[in-house]
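Summary of the model geometry
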Amino acid sequence: MATCVATPNIAFVKYWGKRDERLHLPVAGSVSMTLDETLASRTTVDFGGFPEDSFVLDGRKGEFPDVIGEIRERAGIARLKARIVSRNNFPPAAGLASSASGFAALVVAATDAAGLRLSGRDLSVLARKGSGSACRSVVGGFAEWRAGKRRDGSDSYAEQIAPARHWRGLVDLAIVLDGARKKMPSRAGMRQTVATSDLYGARVAGMAAKISECRRAIIERDAPALFALVMRESNNMHAVMLDTWPPISYMNDESRKAVCVIHELVNNGREPVCGYTFDAGPNPHIITTRRRTGGIIKALKEGGVKVRRALVCGAGDGPRIVRG
Ligand code: DP6
């Protein structure tokens, strides 16, 4: 039996589109920051002689995760049933993603409980099989997920660019706007984008340059460059979503209001205090430095943005096994 706490990550350069649906192999690479435990998933996996497999997520019976089968095979315990209990400390219905932290916690707890001692790379590959972006949450600090070329996905995993302590002041100010669940799951949305968007090819062609610029901005702690990059990258992803047929739009009027407020604040790049990024949902993630969060929340509220909740998440160290 083992328990693991893992956290979500926020992508600066985003994953949107697969070359293999089953293995979650991406068309292009991505870059992210693994967050601290402001938001966290805590998962216990027990192989201790149960009559059947069970999985309980936040007190409710859930679908038993496939990736456990592979872990059992590798550990030579194929016939042992597992009891899995997972909890998220996320504000309920806040629309903050939990699949990345959930699968990262699951594979780290399950491999530990099964007695497997895997490399970071192997853990990242396993987490990816649960949910693509989870492969980045296995890595602490700043991570790059290399798309890889192999058909079996063995070269598609995340690696650390820099540890969390490299840039302690950098935060994701996660603004919760509305509790509505996202309309289209990202899995179905990205499939539709790859199949129908004319602009998608242009997005993919620009990804390598964007990833190396993002790496540079992280390594050199170049905040103005990083803030500009995350905004343009988020806008690019949401542009191909809109170019999908039928169109997909995760951002709503409230999200767009937040975008306007931030652009006023950064004053055409003259005051590079922050940048916004949006995933497959309406909530803005404002990338900024810790000391600026108060002023940004104030500006959003004064600009008429309905801020329900604001969470300040720094960089985190990645999954940890909890003993006892
Ligand atoms: C918009 O990792 O949730 O957050 O691989 O199908 O489980 P699956 O998708 P998922 O997609 C995340 C998409 C994103 C961008 C990102 O985090 O890079």
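Residues numbered from 1 in each chain as written. Predicted model: local features only at pLDDT ≥ 70, side-chain atom pairs only at ≥ 80, totals over all residues. Heavy atoms only, no water.

**Points about the sheet that holds strand β9 (residues 83-88)**
Backbone hydrogen bonds hold the strands of a sheet together, and the pairing may be parallel or antiparallel. Just so we agree on the cut-off: Strand pairing is defined by DSSP finding a minimum of two bridges between the two strands. The way it works is that DSSP assigns letters per residue, a run of H or I at least four long becomes a helix, a run of E at least two long becomes a strand, and they are numbered from the N terminus. Residue contacts are counted whenever heavy atoms from the two residues lie within 4.5 Å of one another. As a rule, the C-alpha atoms of each element are fitted with a line to give its axis, helices using only the stretch in contact, and angles between N-to-C directions run from 0 to 180 degrees.
Strand order in the open sheet formed by six strands is β8-β7-β9-β6-β1-β16, and the pairing between neighbours is mixed. A single partner strand is all that each edge strand has here, and the edge strands are β8 (60-61) and β16 (320-322). Where strand β7 (residues 54-57) and β9 come together, four bridges link them in parallel fashion. Looking at the pairing, S54 lines up with R83 of β9. Strands β1 (2-6), β6 (41-46), β9 and β16 of the sheet are contacted by helix α2 (residues 99-113), whose axis makes an angle of about 30° with β6.

**Overview of the domain arrangement of the protein**
To be explicit about the condition: Those domain boundaries reflect an automatic or database domain assignment. Buried area counts how much accessible surface, traced with a 1.4 Å probe, disappears from two parts once they are put together, with both parts' losses summed.
For the protein, the assigned domains are domain 1 (2-164) and domain 2 (170-314). A straight line from the C-alpha centre of domain 1 to that of domain 2 covers 24 Å. Each partner contributes to the interface: domain 1 provides 34 residues, whereas domain 2 provides 46 residues. Between domain 1 and domain 2, the buried area comes to about 3200 Å², and carbon and sulfur atoms account for 70% of it.

**Focus: the side chain of D46**
Counting through the fold element by element, D46 comes out in strand β6. Ignoring sequence-local partners within four residues, the contact set of D46 consists of M1, K81, A82 and R83.

**Notes on the pairing of strand β13 (residues 274-277)**
Looking along a regular strand, one sees side chains alternate from face to face of the sheet. Note the threshold: Here's how the labels work: a residue is buried when its accessible area is under 20% of the maximum for its type, exposed when over 50%, partly exposed in between, all with a 1.4 Å probe on protein chains only.
On β13, burial covers both faces: C274 and Y276 on one face and G275 and T277 on the other are all buried. Alignment of β13 against strand β14 (residues 285-289), held across four bridges, turns out to be antiparallel. Counterpart to C274 in the pairing with β14 is T288.

**Digging into the packing of aromatic side chains**
What counts, and what does not: In summary, the pairing rule links any two rings of Phe, Tyr or Trp, Trp by its six-membered ring, whose centres are within 6.5 Å, and it sorts them by plane angle into stacked for under 30 degrees, edge-to-face for over 60 and tilted for everything else.
Evaluated as defined, the whole model comprises four aromatic pairs. On the basis of an interplanar angle of 80° and a centroid distance of 6.0 Å, the ring pair of W16 and Y250 is categorised as edge-to-face. Here Y250 lies in the loop between α8 (223-242) and α9 (253-266) and W16 lies in the loop between β2 (9-13) and β3 (18-20), a separation of 234 residues in the sequence. Across the pair, Y250 and W16 agree in class, each one buried. Seen from their ring centres, Y276 and F278 are 5.9 Å apart, and the 55° between their planes marks the pair as tilted. Judged by its relative accessible area of 0%, F278 is buried.

**Notes on the side chain of S137**
Put simply, the rule is: The term polar contact refers here to a pair of N or O atoms within 3.5 Å; inside protein, the definition further demands a hydrogen-donor-capable atom paired with an acceptor-capable atom, and it admits residues adjacent in sequence only when both atoms are side-chain atoms.
Note on placement: S137 falls in helix α4 (residues 134-137). Look at S137 and you get buried, because its relative accessible area is 0%. Here the side chain of S137 touches T7 through a polar contact of 2.7 Å, landing on its backbone oxygen. Excluding residues within four positions of it along the chain, S137 makes contact with T7, P8, N9, T34, A100, S101, A104, G318 and P319.

**Observations concerning α9**
Test applied: In this analysis, the expected span of each helix is defined as 1.5 Å times one less than the number of residues it contains. This arc corresponds to the set of directions leading from the helix axis out to the C-beta atoms.
Compared with the 20 Å implied by 1.5 Å per residue over 14 residues, the 20 Å span of α9 between its first and last C-alpha is a close match. Those residues of α9 that sit buried are E254, S255, A258, V259, V261, I262 and V266. Taken end-on, α9 shows its buried residues confined to a sector of 165°, consistent with a single buried face. Exposed residues pointing more than 90 degrees away from the buried face of α9 are listed as D253 and E264. The backbone nitrogen of E254 has a side-chain oxygen 3.0 Å away, supplied by the residue at the start of α9, namely N252. Phi turns positive, to about 50°, at N267, one or two residues after α9.

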